[in-house]
Every structure is written in structure tokens, then in C-alpha cells.
Amino acid sequence: MSKNKQKKFQEMKEFARVYQCSFRDMQTGAQIPKLAGRWNVDVFANDHPIVLELGCGHGDYTVGLARRDTSHNFIGIDIKGARMWAGAKQAEIEQLTNVAFLRTQIEMLPHFFAPGEVDEIWITFPDPQMKKATKRLTSTFFMQRYQTVMRQGGLIHLKTDSPFLYTYTRAMLQENNYPVLADTDHLYATPDSPLLTQAKALQTHYEKQWIERGMTIKYLCWQLQHKDDLHEPDIEIEKDTYRSYGRDYQSKSAEHKAEKLT
Ligand SMILES: C[S@@+](CC[C@H](N)C(=O)[O-])C[C@H]1O[C@@H](n2cnc3c(N)ncnc32)[C@H](O)[C@@H]1O
């Protein structure tokens, strides 16, 4: 690990309102921080509704949401500590008391939150996981986890660049009869409504990059309902052609640009 990364990990341990416990930590005997049902009492010292950003990356969106709305408590969750450090550091500098960060796997949510403790969820630019549905953060596998921690009727927002994930998520919502409150395949070209105005108000780190690359941003908002029986949609979806697969990105991106020109 580089010295810079080591320094960030050390600082993460010292920040107020940063909590860390990965699946591997648990396997090696680390205690899970006793946060379930305690966030508002022990962390925020108020009774404001709790909003999660899942896969918060650098944490800039979580911090931005918290700056705009002090009537809610915001928790950014991601497994990558060196990225999350940026948002956590910013929250420390600005002494924002309505922001926390949790470094863990999203799959572990039920270990960290009590039933109904979460009011709202933002899922921002997740990897579309085109090969495996259970890894998609909008799959029924994850809906089941969300419903164990979230109140009935709470809002879930998805912002994505990916036509694949957008199509998949719409199909999943339709298959399971979730009430959809907003749906656009081009957020910034759609006239405002209260939900869309909110979704347009801030851009994430990745969102800015996708916009720069000429991608349109898709946005969905639905109400989570607690259901016993969830079904994966049975549809074939065309894969995104422009996606980065690590080091392969440059050539894929060049191919995509060439495709667009022809
Ligand atoms: C493409 S980045 C987007 C980051 C940020 N939301 C943004 O828009 O700038 C996806 C993030 O999700 C995180 N992530 C993906 N799957 C995860 C999981 N199962 N548990 C925790 N974090 C996850 C990754 O570590 C990564 O930081």
C-alpha cells in the first residue's frame, strides 16, 4: 500500500463519524460497531430522518446533500476507504454534524441499521454489473436487504449513465409493482418537478465525468414497499458498449467514439 493511502487510512480512524467494518474484518474477529438503532442517539444527537448514499465513492454527493439540507442526516457507504477519505475529510473541515461515513459492503446493511431506521436511499452511478443480476444494487437481492432497514414507502433514487442498468431497473420495478414517482432517460433535458429539481441540484464525481463524455443521465425514483415475494424480470437487455473494463477503457472508449461517428 502506498504511503499516501496508509496516511488516509490512518486519518479515517481518527475522523469523528467515520465507521469501518468490512466482511473480512468480521471474519477475522473484529467487532461490528454497535450502531443499529443507535445512529440518531449516538452519532447525530437528533431525531432527523436518515438518508443513505450507497456506493458513495469519494463522498462528495453525501457531503453536498448534507450541506443543502440540515433537516436530514446523511450517511455515505462504500467499501473503498481511500476514496471515501475525501468526503470524510471535507465533512471534518466544514464540521458538518449531519454527515457520517460507513466503510463496509452494502450487503452488510442489516448489520448496521435497525428495521425502519433508514428513511431514504440514493444509489449513484453504480457499476451496472451486466454479468450478474444479484450484484446489481437495484436487483431484488438488494431490495430485500433495503427493506430490512428501510421504512415502508421510503424513497429510493437511482442516477445512472448506463442504459443497461436503467432498462433493467425499470423492468424490475414493473415486475414487482413498485410505485414509480419519477422516470427519465435524460434528466437534464426533462422539465423540472420537485423530484427532478432535487436530482439535478448536485452532480457526483462520476456523473461529471459521464456528462463530459457526452452521456445522458438517467434517473428513477420509486417507493420501497415491503414484499415477501420478489421476482427478477425475465428480459434480455442490450449490453452497454462504451463501458470501461479497467485498463481496457481507452480502446473501448475509442471504439465507442468511432461507432458514434459512423
Ligand atoms: C462507479 S463508483 C460511483 C461512485 C459515486 N457514487 C459517484 O457517482 O461518483 C461505484 C462505487 O460503488 C462502490 N461499491 C460497489 N459495490 C459495492 C458494495 N457491494 N459495497 C460497497 N461499495 C460498493 C465502489 O467501491 C465504488 O466506489
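Keep in mind that this is a model prediction, so the values were computed, not measured.

1. Some remarks on the pairing of strand β4 (residues 99-103)
The buried fraction of β4 amounts to five of the five residues, a majority that puts the element mostly inside the structure. Neither face of β4 is left uncovered, since the one carrying Val99, Phe101 and Arg103 and the one carrying Ala100 and Leu102 both have all their residues buried. In this structure, strand β3 (residues 73-78) lies alongside β4, joined through five bridges in parallel fashion. Counterpart to Asp78 in the pairing with β4 is Arg103.

2. Observations concerning helix α1 (residues 3-14)
Between the first and last C-alpha of α1 there are 17 Å, a value that for twelve residues agrees with the 16 Å anticipated at 1.5 Å per step. Among all positions in α1, only Lys8, Glu11 and Met12 are buried. The arc that holds every buried residue of α1, seen down its axis, measures 105°, which confines them to one face. Facing away from the buried side of α1, by more than 90 degrees, are the exposed residues Lys3, Lys7, Lys13 and Glu14. Packing partners of the buried residues in α1 comprise β1 (18-20) and α5 (81-93).

3. Quick look at the environment of Phe164
Looking at the secondary structure, you find Phe164 in helix α8 (residues 163-175). Residue Phe164 is classed as buried on the basis of its relative accessible area of 3%. Linking Phe164 and Met143, residues 21 residues apart in sequence, is a C-alpha distance of 18 Å. Among residues more than four places away in sequence, those in contact with Phe164 are Pro128, Met130, Arg136, Ile237, Glu238, Lys239 and Asp240.

4. A short note on the confidence of the model for the protein
Detailed reading of the predicted coordinates is not advisable wherever pLDDT is low. Taken over all residues, the pLDDT of the protein has a mean of 92, while the share at 70 or more is 93%. Within the model, pLDDT remains below 50 along residues 245-262, and this stretch shows twelve contacts once partners closer than five positions in the same chain are excluded.

5. With respect to the pattern of salt bridges
Any two side chains of opposite charge can pair, so long as their charged atoms come close to each other. What the rule picks out here adds up to eight salt bridges. With a closest N to O distance of 3.1 Å, Glu11 and Lys89 form a salt bridge. A residue pair is termed long-range when its members are at least 10 positions apart, and Glu11 in helix α1 and Lys89 in helix α5 qualify at 78 residues. Of the residues examined, Glu11 reaches a relative accessible area of 16% and is grouped as buried. What makes Lys89 partly exposed here is its relative accessible area of 28%. Taking the shortest distance from any N to any O, the salt bridge between Asp183 and Arg170 comes out at 2.8 Å. Taken together, the residues span a long stretch of sequence, with Asp183 in strand β7 (residues 180-184) and Arg170 in helix α8 at a distance of 13 residues. A relative accessible area of 41% means that Arg170 is categorised as partly exposed.

6. What about the site of the ligand?
Taken together, 17 residues form the shell around the ligand, and within it Gly55, Asp78, Arg83, Thr124 and Thr204 come nearest. Contact distances for the ligand include 2.6 Å between an oxygen atom and a side-chain N or O atom of Asp78. A distance of 2.9 Å separates an oxygen atom of the ligand from a polar atom in the backbone of Tyr206. Compared with its free state, where it exposes 600 Å², the ligand has 86% of that area covered by protein.

7. A word on the sheet that holds β7
The strand order across the open sheet built from eight strands is β1-β4-β3-β2-β5-β6-β8-β7, with neighbouring strands paired in mixed fashion. Looking at which strands have only one partner, the edges of the open sheet turn out to be β1 and β7. Across this sheet, the average inter-strand angle for adjacent strands is 15°, counted without regard to direction. With respect to the sheet, helix α7 (residues 140-149) is in contact with β2 (50-54), β5 (118-124), β6 (150-160) and β8 (218-223), its orientation differing from that of β6 by roughly 135°.

Quick notes on the rules
- Residues numbered from 1 in each chain as written.
- Predicted model: local features only at pLDDT ≥ 70, side-chain atom pairs only at ≥ 80, totals over all residues.
- Heavy atoms only, no water.
- Buried < 20%, exposed > 50% of the residue type's maximum accessible area, 1.4 Å probe, protein only.
- Helix = DSSP H or I, 4+ residues; strand = E, 2+ residues; numbered from the N terminus.
- Pairing = 2+ DSSP bridges.
- Expected span 1.5 Å × (residues − 1).
- Arc of directions from axis to C-beta.
- Contact = heavy atoms within 4.5 Å.
- pLDDT = per-residue confidence, 0-100.
- Salt bridge = Lys/Arg side-chain N within 4 Å of Asp/Glu carboxyl O.
- Near = heavy atom within 4 Å.
- Polar contact = N/O pair within 3.5 Å; in protein donor to acceptor, adjacent residues only side chain to side chain.
- Areas by Shrake-Rupley, 256 points an atom, 1.4 Å probe, with all protein chains shown as cover.
- Axes fitted to C-alpha atoms, helices over the stretch in contact; angles between N-to-C directions.

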